[in-house]
Structures are given as structure tokens and as C-alpha cells.
Number of protein chains: 2
Amino acid sequence: MKTVTGGVCAAKGFKAAGIHCGIRKNHSKKDLALIFSEVPASAAAVYTTNLVKGAPLTVTKANIADGKAQAMICNSGNANTCNADGIEKAQAMCAMTAQALGIKAEDVIVASTGVIGQTLDITPIETGLAQLVSELSDEGSSNAAQAIMTTDTQPKELAVEFQLDGKTCHIGGIAKGSGMIHPNMATMLVFITTDAAISPEMLSLALKGDIQNTFNMVSVDGDTSTNDMVSILANGLAGNEEITAPGQDFSVFMKALNTLTVYLCRCIAGDGEGATKLLECSVSGAADEAAAKTIAKSIICSSLVKAAMFGADANWGRVLCAIGYSGVDVDVNKVDVSFTSPAGSVEVCKDGAGIPFSEELAKQVLLEKEIGINVSLGDGEGQAVAWGCDLTYEYVKINGDYRT
Amino acid sequence: MKTVTGGVCAAKGFKAAGIHCGIRKNHSKKDLALIFSEVPASAAAVYTTNLVKGAPLTVTKANIADGKAQAMICNSGNANTCNADGIEKAQAMCAMTAQALGIKAEDVIVASTGVIGQTLDITPIETGLAQLVSELSDEGSSNAAQAIMTTDTQPKELAVEFQLDGKTCHIGGIAKGSGMIHPNMATMLVFITTDAAISPEMLSLALKGDIQNTFNMVSVDGDTSTNDMVSILANGLAGNEEITAPGQDFSVFMKALNTLTVYLCRCIAGDGEGATKLLECSVSGAADEAAAKTIAKSIICSSLVKAAMFGADANWGRVLCAIGYSGVDVDVNKVDVSFTSPAGSVEVCKDGAGIPFSEELAKQVLLEKEIGINVSLGDGEGQAVAWGCDLTYEYVKINGDYRT
């Protein structure tokens, strides 16, 4: 198993493109992405848990109810959510994409990200589709990755190569993270492609299992978007025997998927709005995995912890505080805390109380770009990792700016 | 029922004082407060739900287990929490306070706020107590209010006068809000005094009932401190017949208490760390009160809503988003949202979708210091109010500063 280039085009039979069609005012910003499989593919997706759901998610859910799809279309600049005709517009996007590709509208996954509560003008999409389809290529992944960005500062993509019964398979993905288009809310979108042969049921099982430990463990600001979606297409062109049940092959596939998704999670968290640091919180010794997850997320979501990390302040009291209000029943007197980074490691709390440590070393550790917050509970074998970012002036600036 | 001056000294038989004793380095900052009742009083308190609890809370809980107390001592500058000898130090504070006042150590309520995880040096308290006791007076409330401040920008106090069976009663309080002493976490402390006669059981019932709609509906940053406490003393010197059961008198007392606590909640929220605006979120039409509370708190806790209010941005999509992920089952298509302030009122969302509104008016409304976020759900009769503040550069600065 190794990482390779190509993003969503690393898998056989997938092409991608990304262009500026005119939804976004700024001509230098791409705003329309397309991913296309030469052959029909198994499809699966997971959606935001927010009761306010973007219209594109509703349409996608209906379209892949049969476990099949062949294309993914996504615009940035308008989330097509909380408006009167969202469903209609999302269906129209599928219909025109299907027509341009010569496939069925029901085989299109559709997503949108950007401002909510405003009518989506699909004329630019209609006009741009011919160019978008003409630009589909094996090397289009990075253009597609750019076209789904909002306030992301860099595109996010990766591909992984792995073996299934002697066949070389690939799985690749692009993601957009917690950035905002001019006035509105952060949205996480991830599009994954693979040439491994796997049934829709097993693909869905794989995705639903994986996100519990990956995308669901990422937090930038605690706000769950209306438009979050992770979707995956598997077209089987690698020629492996189709995975239809759990077993060795399924485990290998899960491993490859997880390698991809953990990388994208780290990209998303580290590129959170205004972030200067990626935070990785590792909790071990919890009574069970659920307890470890709850505590890891409580720490990564604490505004006070996040602000302390921005200030490179080894303020472990805030970590203990976040453990204490997480809702998990822990024995505070057994909690150990340390901070790690490429600059070293510093233990700051042992058995629930402060221990002497070098403030100088602590500052060196916390001035790095990737910080580990490590918590040991001494209660059992449960462990979990959560990813987040620091809370910065820039976050306030991005989200406090006037819309006008 | 009317508001009066005097704070915690408005009630008969209560004296207060606040001095600088030396726990805080800055000599211009008071750091030790004392409130004393001439006679033993009914006592009640509520404490943080954080599993990590400050040592003073544990000691206070034991001391008022009999429903009686006569004095309240509180230092700022060190929270006496997450250290090896916290309980011992908190008990020592009670003992030396009791000795100076000629009462029993078990009749002292003790609280601390400030940095956690560091040993509390009680020498300055021991040295300062004689002066503190000598300064006890009917006019000491504002000094006491100052002595419990950390990063609060102003002292918080109020008193209310009311009638119980022909006797004039008073209830007054001081509070410190969500400010931080140099390195550590926000803590809310509230000390209330009344000369009404009320049994310890009914006093506890009143306090526990009231905070569900007041202090528990305040959020500055979602972090529950280890040292939060609201405590109350009732010395009976107003001469009313003791309240020992629910009824008309108890209702009047509850009303007076609520007038005081709502005022203090607004003070605490509006003076949240770095805040420039007080946010008051009113939810109506919920299926029940619990649903209304959950939604109001979800909105008031949203970093995106808070940042938008800082930017005077009528970004109602974020309000809808926070409703959607609150966990309450609502019909989004019936949600109305409006913003109000002294500058006017602007409706921005009707039946879950945006409606045309004057951006100019919206900006005028949101540039004020006190903003109402009003949500109507159309599901029933449940309603609730929550208080919070905007998220600002200053919040990040206060909480991201190096400790050293």
C-alpha cells in the first residue's frame, strides 16, 4: 500500500475537470467540478446530521438509492439550501450533467457549497457544462479539487495504491474543508473514487464504518453544516473479484480507504478557517472507544484549548476542564496529559495534577504547526483520535466580516 | 418590587468588604472578598457540573450540608483547583475566616477563582483577614464585587426590594462573569444575600429552580468551569413569617430572586471575554420548554452566529444551521427568525426560507450593543431565553496569550 499521484483520477476509468463557470464573481476562482466514471459504478454516500439539509443531498440520496452512479457534479459559490426551489435546481443540475455525458440523471451525485438562503442561478452551470465535459481528463483531479474550494487555502487530494487478489487497485479523493464562501457556513465535502470492484452494500458499509473514526472526528468550530457529504464511486475496472462480503479483501479495502480519509481529515482540520495549527488529540486508557471519542472531541472542540494552542500556551488545565465537562465518567485523579510536536514532547499533568515542566520546551513544542494533545485516562483499553485546529484572530475575521 | 442600591448589603444585617491582600500581583486589583451576616442564615448553593471540581466547592458543599452558614469568603487570582492540597487550603481559609469573625468554620462558604493547577499560597489571606474584617460595612458590596473580578471589565451587582406579609424584604447579589485570570479558565461566581426568612429547604428549592432559566442559560464560550458556584444566604431579619412551603410568599420570593438573577445573567453575558455585544436569544413556539431551551442554547453557543453578530452580519442561515444540529426535532419549514435591538427590528427568515429585507436596517439593528435573536418554531407553546455574547478578536487575544 502506497500513496500515489492522480487524486480522483488515479483509479482506472475516472476522469475529472474543474472550471470557472460564473457562479462565483471572481473569475480566477473555479466553481464547478465534475468527476466521471467511464462505466457505471457502485455508489455510496453519508450526509450531514443537520435537520436543515441542503437540497443537493436530498436529490443525491434519491439518485443513489439503487447503489449505482456514474458522475459527481459540484458547484461552489452557492449551497442551494434554504430556498424555495432547491430540489428543482439540484435535479436540473443532474439532468443537464447527465445529458452532457450521455448517462441517466439518476446516475449523478450532486453537491453544492457556499452561501445558503439564496436562489441558485443555474444558467452559468448550463452554459459551462460543455466546456467542463470537454476538459474531462486523467489529469483533472487538481482542477476539480480547486473548483470545490470556498475559503480553503489549498486543494486537498490524495490517492492510494493497493493490491486485491493480485490486481493493482487505487482509491483517491478530493475534499474541501471548513472554509466559507463569502457570507455563509463551513461545509465539508469529500468525493472518493476507486477502481476496486465492490458491491454497493459493502461499499456503503465500508464508508459508514470508516467515517466514524475519520470525518466524524474532525471539528473546526463545532458547527455542523447543512451540506456536508462524503460520497464514493467504485467502478470495478481494477479487475479484482468483486468484494461482496467481509473478509481479507474487505479489510484491505478498508485499510486503503482509511489511509486516504485520515490524510484528508488532517488536511481539512489543518486548513480550518483561520487555522495556523493542526491539532491531533489522542485519548487512550478510556473505559471504551465511545468514551475515548467523546473526550477527544470535547477537547478538540474547546474554544479555550483552541485559543491556548494558538498562543502556544501549555495550558493543560483547559484540557482537564474539557475532560471534566465531556459527560464521560472519568476518575480525574488518574489523568495524564502531554503535548507533542516535531520539536519534542512535554508532560504537563500527572494523576490529575500539574507537574513541573520546562516552559521553554513547552513553548518550542507548541510553536510547531502540528500539535499532539495526548491524554491517558487509566480506565481501560478504549482509544480514539480527533482532529481540529486552533482558534485565531483570522477565524473571527473570516466569520465576522460584513456580507456586504 | 423595585431595584435598589446596596448590592449584597441591601438586605438587613449583611455587611461586605473587598481588599487587595496580595494573591494577585497587581496592587490595584482587589483579590479578597467577604460577606457576613450578623446572624446565622439559611444557606443554599449550586455547583458546576464539571467532573473536575474546585476544592472550595467540595468544602462549601460539606459546610452547608446542614442548610446554615453565616459568611462567604472568596479570593481571585488562584482557583485552588487541580493541586495536591486544595481541600486543606480551602478548609484553612474557612477556619481563619471563622476565627476572625467569631463564628464556626462550618458556617463559612468558600470560593476561589483564577489560575488552576497551582498551589494556593494562603499567607496573603491570613495576613489580610484582619483588615478585611475591619472594613466590613453596609457599603462594602461594590468593593466585594470588585474583589471577585478576574478579566471582568466591570463589577456586577444589584438589589431588589419586595414585600412579604407586610414586611419589606431585600435580595441582592454580586457576580463575576466569564473572565480569566492570567492563564486560566472562565468561572462564574454569584453570591446572593436576602433578609427574607425562608427555610434552608425552600431556599435550596428556589435557587435550584431559578438557575435552570437563568445562569444555566448563559454561555460565553461553551466551556463549563471547574469552579462555577452560585450561593445564597437568607438571614430572616426582614421579620416576615418564614417561608417553609410553596405558596404565594414563595412565588413572590422567586420573582424577586429571578429579577436579580436575570439582571446578573445579562451582566455576565454582556461582559463575556472580549465581548462587544450582549446576545439574548428568545425561542418561542417550541414543542415544550426543554426543546426551546436546547435550541436557544445551541444558537447562543454557535461560534458562527457569535462571529456574525460581532460583524453585525444578519446571517440568519447560521441561526437555522444551529437549530438544525441542536438535536431537537423541528419542522424547519415553519421556522421564523428576526433580529431586534434598540435600533429596530428586522425579519429575515419566514417558514425556513429567506425573505427580502433591508440590509441597511439590519446593519443598524446589529450595530447596537444588545441584540435580540428571535426564533419562532410554530410547534407548540414552549419558550425559553438564553444569553450570550459575540465572538471577537479580543476573545482570542485574551485566551491565546502566552501565560509567561
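Presented here is an overview of the structure given in this document. Since the model is a prediction, treat every value here as computed from it, not as a measurement. (Residues numbered from 1 in each chain as written. Chains lettered and ligands numbered in written order. Predicted model: local features only at pLDDT ≥ 70, side-chain atom pairs only at ≥ 80, totals over all residues. Heavy atoms only, no water.)

This paragraph deals with the sheet that holds strand β15 (residues 382-389) of chain A. Strand pairing within a sheet occurs via backbone hydrogen bonds; the two strands may be parallel or antiparallel. Residues and elements named next belong to chain A. Read from one edge of the open sheet, 6 strands run β13-β12-β11-β14-β10-β15, paired in mixed fashion. Because the sheet does not close on itself, it has two edges, and the strands there are β13 (353-354) and β15. With 2 bridges joining them, strand β12 (residues 344-350) and β13 adopt antiparallel strand pairing. Bridge pairing links K350 to A353 in β13. Contacts from helix α6 (residues 248-270) reach β10 (278-286), β14 (370-376) and β15 within the one sheet, and its direction differs from that of β15 by about 40°. Packing of helix α9 (residues 316-324) onto the sheet brings it into contact with β11 (336-341), β12, β13 and β14, and relative to β11 it is tilted by some 125°. (Pairing = 2+ DSSP bridges. Helix = DSSP H or I, 4+ residues; strand = E, 2+ residues; numbered from the N terminus. Contact = heavy atoms within 4.5 Å. Axes fitted to C-alpha atoms, helices over the stretch in contact; angles between N-to-C directions.)

In most cases, non-glycine residues show a negative phi, while peptide bonds are predominantly trans. You will see that C82 of chain A, though not glycine, has its phi angle at about 55°, which is positive. Looking at the secondary structure, you find C82 of chain A in the loop between β4 (68-78) and α2 (86-101). Backbone geometry places N80 of chain B, a non-glycine residue, at a positive phi of 50°. Inspection of the secondary structure puts N80 of chain B in the loop between β4 (68-78) and α2 (86-101). Note on N80 of chain B: relative accessible area 0%, which makes it buried. (Buried < 20%, exposed > 50% of the residue type's maximum accessible area, 1.4 Å probe, protein only.)

Before going further, it helps to spend a moment on the sheet that holds strand β12 (residues 344-350) of chain B. Residues and elements named next belong to chain B. Spatial strand order, β13-β12-β11-β14-β10-β15: 6 strands in an open sheet with mixed pairing. Here the strands that pair on one side only, and so sit at the sheet edges, are β13 (353-354) and β15 (382-389). As paired strands, strand β10 (residues 278-286) and strand β14 (residues 370-376) are joined by 7 bridges and run parallel to one another. Within the sheet, the bridge partner assigned to S284 lies in β14 and is S376. Packing of helix α9 (residues 316-324) onto the sheet brings it into contact with β11 (336-341), β12, β13 and β14, and relative to β11 it is tilted by some 125°. Of the strands in this sheet, β11, β12 and β14 touch helix α10 (residues 359-366), which is tilted by about 120° from β12.

A few words now on the packing of aromatic side chains. In this description, an aromatic ring pair is defined by two values, namely the gap between the centres and the angle between the planes. In the structure shown here, the tally under the stated rule is 5 aromatic pairs over all chains. Centroid distance F310 of chain A to Y393 of chain A: 5.4 Å. Interplanar angle 85°. Geometry classified as edge-to-face. Of this pair, F310 of chain A sits in helix α8 (residues 303-310) while Y393 of chain A sits in helix α11 (residues 393-400), placing them 83 residues apart in sequence. With a relative accessible area of 32%, Y393 of chain A lands in the partly exposed category. Ring centres 6.4 Å apart and planes at 50° place the aromatic pair Y393 of chain A and Y393 of chain B in the tilted group. In this pair, Y393 of chain A is assigned in helix α11 and Y393 of chain B in helix α11 (residues 393-400), connecting two distinct chains. Connected via pairs of aromatic rings, a cluster forms that spans F310 and Y393 of chain A together with F310 and Y393 of chain B. (Phe/Tyr/Trp six-rings, centres within 6.5 Å; stacked < 30°, edge-to-face > 60°.)

Looking along a regular strand, one sees side chains alternate from face to face of the sheet. Residue and element names in this part refer to chain B. As paired strands, β11 and β12 are joined by 5 bridges and run antiparallel to one another. What sits directly across from S338, in β12, is E347. Turn length for the β11-β12 hairpin, with the two strands adjacent in sequence and antiparallel, is 2 residues.

This part is about the environment of S376 of chain B. Residues and elements named next belong to chain B. As for its placement among the helices and strands, S376 is situated in strand β14. By relative accessible area, which is 27% here, S376 ends up partly exposed. In this view, S376 contacts S284, K334, V335 and D336; residues no more than four positions away in its chain are not counted.

Before going further, it helps to examine the pattern of salt bridges. Two side chains bearing opposite charge may form a pair once their charged atoms approach each other closely. Residue and element names in this part refer to chain A. For the coordinates displayed, the defined rule picks out 20 salt bridges over all chains. Salt-bridge contacts for K156 lead to D271; the nearest nitrogen and oxygen are separated by 2.6 Å. Within this pair, whereas K156 is found in strand β6 (residues 156-164), its partner D271 is found in the loop between α6 and β10, the two being separated by 115 residues in sequence. On the basis of relative accessible area, D271 is assigned to the buried category, the value being 7%. The network of salt bridges with shared partners includes K15, E38 and D138. (Salt bridge = Lys/Arg side-chain N within 4 Å of Asp/Glu carboxyl O.)

Take the side chain of E161 of chain A next. Residues and elements named next belong to chain A. Mapping E161 onto the fold places it in strand β6. Despite its burial, E161 pairs with no opposite charge, the nearest such side chain being K2 at 4.0 Å. Among the polar contacts listed, one links the side chain of E161 to the side chain of H170, at a separation of 3.4 Å. Ignoring sequence-local partners within four residues, the contact set of E161 consists of M1, K2, V4, T168, C169 and H170. (Lys, Arg positive; Asp, Glu negative; His and termini not counted. Polar contact = N/O pair within 3.5 Å; in protein donor to acceptor, adjacent residues only side chain to side chain.)

Residues and elements named next belong to chain A. Tracing the backbone shows N75 in strand β4. Engagement of the side chain of N75 in a polar contact is seen with the backbone oxygen of N78, the distance being 3.1 Å. Contact partners of N75, with chain neighbours within four places excluded, come to I23, D31, L32, M93, A111, S112, T113, L120 and I125.

Residues and elements named next belong to chain A. Contact geometry for helix α7 (residues 289-301) and α9: axes closest at 8 Å, N-to-C directions at 130°. The angle between α7 and α9 places the two elements in the oblique class. At the point where α7 passes α9, the crossing takes the right-handed sense. Where α7 approaches α9, its residues I295, S298 and I299 are matched on the opposing element by V319, A322 and I323. (Parallel < 35°, antiparallel > 145°, perpendicular 65-115°, else oblique. Left-handed = near helix turned anticlockwise from the far one by under 90°.)

This part covers the interface of chain A and chain B. Taken residue by residue, the interface counts 60 residues in chain A and 60 residues in chain B. A combined buried area of about 4,600 Å² lies between chain A and chain B, and 59% of that area is made up of carbon and sulfur atoms. Elements with a minimum of two residues in the side of chain A that touches chain B: α8, α9, β13, α10 (359-366) and α11 of chain A. Residues belonging to the side of chain A that touches chain B are distributed by class as follows: 29 nonpolar, 20 polar and 11 charged. (Buried area = accessible area lost by both parts, 1.4 Å probe. Nonpolar A, V, L, I, M, F, W, Y, C, P; charged D, E, K, R; others polar.)

Okay, the packing of helix α1 (residues 55-63) of chain A against α2 of chain A next. Residues and elements named next belong to chain A. α2 packs onto α1 with a crossing angle of 55° between their chain directions and a minimal axis gap of 8 Å. Relative to α2, the element α1 lies oblique. The hand of the α1/α2 crossing is right-handed. Note on element contacts: α2 touches α1 through G86, I87, A90, Q91 and C94, opposite A55, P56, T58, V59 and N63. Among the residues making up the contact of α1 with α2, the classes are represented as 6 nonpolar, 4 polar and no charged.

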